[in-house]
Amino acid sequence: MDAAAVATRMEEAFGDRVSTVVRSPKRLVASCAPADLPEVARWLRAALPGSRLATSTGIDLRDGVGLFHHVAINGSPLVITLKVLLPKPEPHAPTLARETRAAEWIEREIHDLLGVTFDGHPDARRLVKAESMAETFPLRRDFDPAEFKERIGERPEF
Amino acid sequence: MSDQSSRRVVEIGPFHPLLEEPVGFSLTVEGERVVAIDARMDYIHKGLERLAQERTYDMVPIVLERICGICSVTHSVCFCNAVEDLLGVTIPPRAAYIRTIIGELERLHSHLLWVGLAGHFIGYNTVFMWAWKYREPVCDAFEMLTGHRQNSALPMVGGVRRDLPVEYFPAIRKILDQVEGEVERLTAAVLDDPVLAARLKGVGVLTPEAALDFGVVGPTARASGLDTDVRRDEPYAAYAELDWKVVTQPAGDVFAKAVVRLLEIFESIKILRQCLDRFPAGEINLGTLHVPPGEGIGRYEAPRGEDVHYVRSNGTNMPERLKVRAPSYVNIPSFKASCLGAPMADVMITLAACDPCYSCTERAITLVDSAGAPWLAAPKLLEASRRKTFELARALGRRPDLDIDRADGSGR
């Protein structure tokens, strides 16, 4: 199934709740509201055999934090990017960890780096960030490495 | 054995001389059985994604080569795939073949490295010595072609930076012939060995359903019967033109993972021979490319599985966002499915079976429960793994390491 066919089926299933852009025969971008995320993810998993969450990207944008779930399909070149925009200052999204365990780690990572809260995540501990960074989110645009270094790096506490 | 007082937490890692990266595992055990497993990953988060976002498209592949000490080609070519997906360009055929050659040489030495480590973990040090000995000429071939045993600095957006020295191709063919013969001997010895079969079959089974749920990739997925390989699913470089096959095994245990990797070595040699034979003439890159605003996703079949890069451009000469997902990132959590309920002696080899850029157990500490039960000392996990192999060997009436005479073909 190529990108256009999946786009048609998604529009049939979700109507105007999902908008799709076919970037190429093997790349599809679908956008939805954060609340619809688990439902769309469940649908993708059921409709496309062999589909799995390859990874997710978090990105700090002007209007909020973008959360992009990349869904790959075993045996197919198609990669579907499921996009939601989470409003700042306190971005939060429903977790996909109940739909697929592949989401567990990447959601923890996005929380570490961008401060996105995943509602209902079963195990939302720190994963990749150093303990010293606590509530600092290094991939946010307002993160200032020089300021951070001065705050903790230059004066180590013993 | 299910009462809480018999529970202990065994810490594996995070540092050991064999480790490529520090990673820490906490095993909760009841007696011999593992009841919970957790991993800690925060030791070497280097911020490479952010670093790459402050480098130009020309510099980023060089930075990305440093992500992994083994998969250096992987990340730089994957990034190029992502940017080329954004641009919608096709690289020149000669560049595609060069990328294929360095990528397959990397797969060869990476798989041999894993075979050696796997042997080490179960007390088969003959396998360890052999596999690492056979790996050396492959690294030499990489050095002859690129000037370095690991980091080639070849891939760039739109092709490769330098040409390969074709005058070395006859020497590379000779190395391939030599390695193929040696690995054939090793494979026959490993697959025929009854102790290894008894030790590894049925150990650390990852079912196809769990494999898909965790989204595992590469040999870990293929050993669970999932027919997935980016080289075939979404051919990049020159793979679409070459004759090779995807190796899958249905069992999902450690033995199946070993078989997949050993057989993939021969597929890699087959691909390399075809590339050397058909090496096309022509340009090696598209020159300097302007990257317009947009986004691209690149995929690459690393030795450990599918690597994914997401690149977003805002029209400047640096990526606005680069997301890197290495294959071990999805393979490691699958331990939660494959290790649970396993005896302690099997944990080492099950953890190692995903080839997770990590290894061993020497620096383990134990939290003792309040009853003050004896300490479970650090190197015991590795020792337990080896002892189980010895006991199996004794039960089968065999020597507890490879039968070298037989492997030579001169015994019996």
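Look a little higher up for the structure.
Residues numbered from 1 in each chain as written. Chains lettered and ligands numbered in written order. Predicted model: local features only at pLDDT ≥ 70, side-chain atom pairs only at ≥ 80, totals over all residues. Heavy atoms only, no water.

Draft legend 1. View of the overall build of chain B. The helix and strand tally for chain B stands at 16 helices and nine strands. Looking at the 412 residues of chain B, the share that counts as buried comes to 62%. A total of about 14900 Å² of accessible surface is found on chain B, and carbon and sulfur atoms cover 56% of it. (Helix = DSSP H or I, 4+ residues; strand = E, 2+ residues; numbered from the N terminus. Buried < 20%, exposed > 50% of the residue type's maximum accessible area, 1.4 Å probe, protein only. Areas by Shrake-Rupley, 256 points an atom, 1.4 Å probe, with all protein chains shown as cover.)

Draft legend 2. Inspection of the sheet that holds strand 8 (residues 319-325) of chain B at higher detail. Residues and elements named next belong to chain B. Sheet architecture is open: three strands sit in the order 6-7-8, paired in antiparallel fashion. The open sheet terminates on both sides in strands that have one partner only, identified here as strand 6 (294-302) and strand 8. The mean inter-strand angle of the sheet, taken between neighbouring strand axes irrespective of direction, is 15°. When strand 6 meets strand 7 (residues 305-313), the two strands line up antiparallel, connected through nine bridges. (Pairing = 2+ DSSP bridges. Axes fitted to C-alpha atoms, helices over the stretch in contact; angles between N-to-C directions.)

Draft legend 3. Spotlight on the nonpolar core. Core analysis: the largest hydrophobic core is formed by 77 residues, its most contacted members being Ile101, Leu105, Leu108, Leu164, Leu186 and Ile349 of chain B. If one sorts the elements of this core by residue count, helix 4 (residues 93-121) of chain B sits on top with 15 residues. Every residue in contact with Leu108 of chain B, bar those within four places of it in the chain, is listed here: Val138, Leu176, Ile265, Ser268, Ile269 and Leu272 of chain B. Of all hydrophobic cores here, the second largest spans 57 residues; its members include Trp43, Leu53 and Leu96 of chain A together with Ile332 of chain B. (Core = buried A, V, L, I, M, F, W, Y, C linked by side-chain atoms within 4.5 Å. Contact = heavy atoms within 4.5 Å.)

Draft legend 4. Focus on the packing of helix 4 of chain B against helix 11 (residues 254-278) of chain B. Residues and elements named next belong to chain B. Two elements in contact, helix 4 and helix 11, have axes separated by 9 Å at closest approach and are oriented at 155°. With respect to helix 11, the axis of helix 4 lies roughly antiparallel. The handedness of the crossing between helix 4 and helix 11 comes out as left-handed. (Parallel < 35°, antiparallel > 145°, perpendicular 65-115°, else oblique. Left-handed = near helix turned anticlockwise from the far one by under 90°.)

Draft legend 5. Here's a closer look at the sheet that holds strand 5 (residues 79-86) of chain A. Residue and element names in this part refer to chain A. The strand order across the open sheet formed by five strands is 1-2-5-4-3, and the pairing between neighbours is mixed. The sheet is open, and its two edges are formed by strand 1 (18-24) and strand 3 (51-60), each paired on a single side. The average undirected angle you get between the axes of adjacent strands in this sheet is 20°. Both strand 3 and strand 4 (residues 65-73) contribute to a ladder of nine bridges, which runs antiparallel.

Draft legend 6. Representation of the pairing of strand 2 (residues 24-30) of chain B within the structure. All names here are of chain B. Burial analysis of strand 2 places seven of its seven residues in the buried class, which makes it a mostly covered element. Every second residue of strand 2 is oriented toward a common face, with Gly24, Ser26, Thr28 and Glu30 on one face and Phe25, Leu27 and Val29 on the other, all of them buried. When strand 1 (residues 7-12) meets strand 2, the two strands line up antiparallel, connected through six bridges. When the sheet's bridge partners are listed, Arg7 is paired in strand 2 with Glu30. Of the strand pairs in this sheet, strand 2 and strand 3 (residues 33-40) are connected by seven bridges, and their pairing is antiparallel.

Draft legend 7. The arrangement of the interface of chain B and chain A in detail. If you look at the interface, chain B gives 38 residues, while chain A gives 45 residues. In total, chain B and chain A occlude about 3700 Å² of area from one another, counting both sides; carbon and sulfur atoms represent 49% of this. Together, Arg50, Asp213 and Tyr329 of chain B form the three largest contributors to the area buried by chain B at its contact with chain A, with a combined 17%. Applying the counting criterion to the chain B and chain A interface returns 11 salt bridges. (Buried area = accessible area lost by both parts, 1.4 Å probe. Salt bridge = Lys/Arg side-chain N within 4 Å of Asp/Glu carboxyl O.)

Draft legend 8. Main features of the environment of Cys139 of chain B. Residues and elements named next belong to chain B. Looking at where Cys139 falls in the secondary structure, it is placed in helix 5 (residues 125-146). The class of Cys139 is buried, set by a relative accessible area of 0%. Separated by 88 residues in the primary sequence, Cys139 and Leu51 place their C-alpha atoms 29 Å from one another. Apart from the residues lying within four places of it in its own chain, the contact partners of Cys139 are His109, Arg149 and Gln150.

Draft legend 9. Focus on the packing of aromatic side chains. Enumeration according to the criterion identifies 10 aromatic pairs over all chains in this entry. Centroid distance Phe68 of chain A to Tyr310 of chain B: 5.7 Å. Interplanar angle 70°. Geometry classified as edge-to-face. Separated into two different chains, Phe68 of chain A in strand 4 and Tyr310 of chain B in strand 7 make up a pair that spans both. Ring plane angle 75° and centroid distance 5.1 Å describe the contact between Phe169 of chain B and Phe279 of chain B, whose orientation is recorded as edge-to-face. Placement of the pair is Phe169 of chain B in helix 6 (residues 169-192) and Phe279 of chain B in the loop between helix 11 and strand 6, with a sequence separation of 110 residues. (Phe/Tyr/Trp six-rings, centres within 6.5 Å; stacked < 30°, edge-to-face > 60°.)

Draft legend 10. Structural context of helix 14 (residues 344-353) of chain B. Residue and element names in this part refer to chain B. Summarising burial for helix 14: 10 of the 10 residues are buried, a large majority. Among all positions of helix 14, only Met344, Ala345, Asp346, Val347, Met348, Ile349, Thr350, Leu351, Ala352 and Ala353 are buried. After helix 14 finishes, the residue Asp355 shows a positive phi value of roughly 55°.

Draft legend 11. Quick look at unusual backbone geometry. Put simply, Lys88 of chain A and Pro89 of chain A share a cis peptide bond, and its omega is 5°. Mapped onto the elements, Pro89 of chain A comes out in the loop between strand 5 and strand 6 (92-94). At Ala153 of chain B, a position not held by glycine, the phi torsion is positive, near 55°. The backbone phi angle of Ala237 of chain B is positive, close to 40°, even though this residue is not glycine. Assignment of secondary structure puts Ala237 of chain B in the loop between helix 10 (230-233) and helix 11. With a relative accessible area of 27%, Ala237 of chain B lands in the partly exposed category.

Draft legend 12. Representation of the packing of helix 4 of chain B against helix 6 of chain B. All names here are of chain B. Running from N to C, helix 4 and helix 6 point in directions that differ by 30°, and their axes come no closer than 13 Å. Judged by the angle between their axes, helix 4 and helix 6 are roughly parallel. The two elements helix 4 and helix 6 cross, and the hand of that crossing is left-handed. Residue-level inspection shows Ile101, Leu108, Leu112 and Val115 of helix 4 in contact with helix 6, the latter providing Phe169, Leu176, Val179, Val183 and Leu186. When the residues that make up the contact of helix 4 with helix 6 are grouped by side-chain class, the tally is nine nonpolar, no polar and no charged. (Nonpolar A, V, L, I, M, F, W, Y, C, P; charged D, E, K, R; others polar.)

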